[in-house]
Amino acid sequence: MKNAVDRFIDDTSLAHRIVHGEPGTVVPTEGGPVPSFATVIDDLGQVNQRISTLEDGQSGDRVVRAAWADLAAVPTSANGLRGASVVGDQGAHIDPVTGVSVPNSGDYIEAPAGWKWVRAESLARKLDRESFDKVIKGEAQPSYGLSFADNDGAVAVGITEDGTLVADAAQLRAAEVAGMAYDATCPMDYSHVYADSEGNVAGGQRPDGTLDYAAARFDELNGYPLDRFLRGQLGHHFAACRIGVAQYGQSNAQGHSPGLTTVAPHDALGFKAHATGADLLTLRPMTAANVSAGADREIPAFAAIDMFKNLIASEEGLTYRDHKYQPVCMNSAYGGYSIKQLEKDSAPYVELLGQVSAARTLSQGEGMTFKQLCTVWLQGEGDLSSSYGYYLSRLIALASNFDADCRSITGQVDPVHLLTYQVASVGADFQQTVALAQLDAASASPLISMVAPFYFVPFTDDVHTTAQGIRLFGAYFGLAMKHILVDQKKWEPLRPVRTTLQGRVLDVQFSKRGLVLDTTNPDVPAVPQFGFQVVGPSGIEIPITKATITQPDTITFVLAKAPPKGSSFWAGGKRVPAGAKGTYLGAVTNLRDSQGDQFVYEGRPLHNWCCISTLKI
C-alpha cells in the first residue's frame, strides 16, 4: 500500500469517481476496471433498448430498406410496434424524433413523429451485403429472424422465427437482470416496463434512463440506508455545534495511570469524571486532570477524540478553528462492573444521562446545538463467566436504550452509536463467550460497531493494559468515529467471512485485503498455527500443517486430514505461550491487514488485527 495520506486520498478519489462518474466512465482500480454507477445504469438502459429492438425485429412487421430516404417514405403509426433497418446508406440525417444528426444506416423504431434511429449495431452490420441482398430479394432466408454475428458469419446470438432467444454464451458487464417482463403494448415514452406474469405494470424506464414508478420501496441505495439520503446525511456529515462522546464500561474504560493527556486536544471539553450536581455546571478542557477518575488517568476517549479531530483536519481540511464541531467527553466508567451493573436505570447509567442532559443545557445557553453521537465502550472482563446469549442480549439492549434516552433528551434524529472493543479471552479458563457475543452484537444491531480486538496492546496482567496501550487503542476508536459519524460509512473489523473446503485444503476469506501474517510485533507474539484452529464436531482438533496467503483477502490452510462434516474454523483458537506476552494467557492471532500503512497515530501503525471469531466449515 502507499503511504498513509496518499493511499487514503487515492482511494477516496476512486470511490468518488465510481459513485459520481458520468456515463461511459470506467475507473481503473487494483482489482481491475470498475464502471461508474452512471455507466452501469446506462448499460442497463442499453440492454433494455436492445431487448426492445430484438423483439421488434422478430415480429413479422419489421421494415428493411437500403436507404434512409426509402424508410422515411414509409408512414409510421401511433402504435409504435414496428422496428426497421437501413443497410448500406453511408449518409446522415436529422432524426425526426430527437432532432439530432444520426447515421442513415442502423436500426430504427417506429414513433408517431417518424422513424427514430436507435443504434449503429444493426442487422446491416451483421450480414454482408451480398447475403443481405439475397434476403431482400427472397432468394434466401437466414436461419434466424435476427442474429448477431462476426465478420466471418459466426452467429453469437439469434432469435428464431418463433421468438426464442438463442445464445451459446452471453456476458453483460456489471448487469444482472432477473424477473423482468417486457410489455410490447407499453407507450412509446417508455423504453420498457416491469410487469408481472399477468401483465400488471409496476413501473418503467424512459429512453433517457429515468426510472418511473408509482410507488417503490428501497431499503438501501448504493449501500446506504435510504433514510440518510432523505435526511441529507449522506457524505461528510457534521451533526451539531457540539457532540457528546461518552466513556463507559469498567476498568479499561476508567483508564490507567499516568494521565498522558495534559493539554486538551483541539477544542475538546469534558465533565469531571462521574459528574453530578454542581459538577454539571461546568465544562472543562479535556485533560486527565480535569476529566479522569482520580485526575491522573489516561482514558481511551482522549486519544479517540484527538485522532477523530486529526482526521477531520487532514481529510476534510477543517481544523477546530474552521468550524464548530466541538467534542464533549462524559466519563461514567466504573472498574470491576458487570454489564448488569451498567444497564438502564443503574446508578452509572443515570449518572451518564445526567451529563448528556447537562451538555445540552450548557450548549443551549451558549447558543449552540448539541447532539450525543457515540459511546466508547470497554467492558466484558466482569462477565467472562456469563453465557453468550446473556451478554449478547444485554449489550444490544444497552445500546438501544441509551440511543432512545439520549434522543429523548436532545430531540436529535441522529443515532447514538456504541463503539466496542473485543474483550481479550483472558486467563487459563480461556473463556471466549463474551468476545464472540460482542462481535455478533455488532452484526445484529445497527447501533453497535466492533472496532478491534484488544489483545494486540501491551498488558500488565491478564486484564489490564498500560496508559500507552489505552492511548493506542483510543486511536482506533477515533478512526472508527470518523468513518461512522462523519463519513457515514459502516465500520467493519478484520474477521473471517467465508470458508471453502476441498479435501484437506481449506480456503478462508476475510473481510479485509492486504493480509499479513505478522510474527514480529512485540505485543503480538508468534503463536502456534498463527492463532488459528480447526476443530471437529466432537471437539477434537485437526492440526493445521501450512498456512499461506493466496489472495489479498484469503488464506489457504492445509490440514493434517480432511475435517468431518460439522467442523469449525477458529480465529483466536490458540493461547499465547506462557511468558511470551508477560502474564497474559489469552488468545491472539498473528493476522493483520495493512491499514497501518495509511493510518498512523503517534508513530504507531493502526493495522486491523483479526477478531476472535468462528465459522462453520
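Use the structure listed above.
The following paragraphs examine the structure supplied in this document. Throughout, residues of each chain are indexed from 1 in the direction in which the sequence is written. Only residues with pLDDT of 70 or above have their local features reported here, since the model is predicted, and side-chain atom pairs are shown and tallied only from 80 upward, although totals for entire chains, interfaces and linings are computed over all residues. To get the side-chain values, all heavy atoms of the structure are used, and hydrogens and water are removed first.

1. A look at the packing of helix α9 (residues 300-316) against helix α13 (residues 467-486)
In a pair of packed helices, the angle between the axes and the distance between the axes together describe the arrangement.
Next, step 1: Taken N-terminus to C-terminus, the directions of α9 and α13 make an angle of 45°; their axes are 6 Å apart at the nearest point. It follows from the interaxial angle that α9 and α13 lie oblique. Here the hand of the crossing between α9 and α13 comes out right-handed. Residues P300, F302, A303, A304, D306, M307, F308, L311, I312, E315 and E316 of α9 form the contact with α13, whose participating residues are I470, R471, G474, A475, F477, G478, L479, M481, K482, L485 and V486.
Next, step 2: The residue classification treats Ala, Val, Leu, Ile, Met, Phe, Trp, Tyr, Cys and Pro as nonpolar and Asp, Glu, Lys and Arg as charged. All others, Gly included, are polar. Broken down by class, the residue content of the contact of α9 with α13 amounts to 15 nonpolar, 2 polar and 5 charged. Here an axis means a line fitted to C-alpha atoms, over the contact stretch when the element is a helix, while the angle between two N-to-C directions is reported on a 0 to 180 degree scale. Helix numbers and strand numbers start at the N terminus; a helix is a DSSP run of H or I with at least 4 residues, a strand a run of E with at least 2. If an angle is under 35 degrees, it is roughly parallel; if it is over 145, roughly antiparallel; if it lies from 65 to 115, roughly perpendicular; otherwise it is oblique. Left-handed describes a crossing whose near helix is turned anticlockwise from the far helix by less than a right angle; the clockwise case is right-handed. The contact criterion used throughout is that any non-hydrogen atoms of two residues lie within 4.5 Å.

2. Remarks on the packing of helix α10 (residues 347-365) against helix α11 (residues 388-410)
Next, step 1: Their axes nearest at 10 Å, the elements α10 and α11 cross at an angle of 30°. Regarding the angle of α10 to α11, the classification is roughly parallel. For the crossing formed where α10 meets α11, the hand is right-handed. Only L398, N401, F402, D405, C406, I409 and T410 of α11 make contact with α10, whose side of the interface consists of Y349, L352, L353, V356, S357 and R360.
Next, step 2: Residues that form the contact of α10 with α11 fall into these classes: 8 nonpolar, 3 polar and 2 charged.

3. Some details on the sheet that holds strand β3 (residues 63-65)
Next, step 1: In this analysis, strands are considered paired if DSSP registers two or more bridges between them. With respect to topology, 4 strands assemble into an open sheet ordered β3-β4-β7-β8, the strand pairing being mixed. Across the chains shown, the open sheet's two edge strands, defined by having one partner strand only, are β3 and β8 (114-119). Going across the sheet, the axis of each strand differs from the next one's by a mean of 30°, ignoring polarity.
Next, step 2: Where strand β4 (residues 83-86) lies against strand β7 (residues 106-111), 4 bridges are found, and the strand directions are antiparallel. In the sheet register, G83 faces β7, and the bridge partner there is I109.

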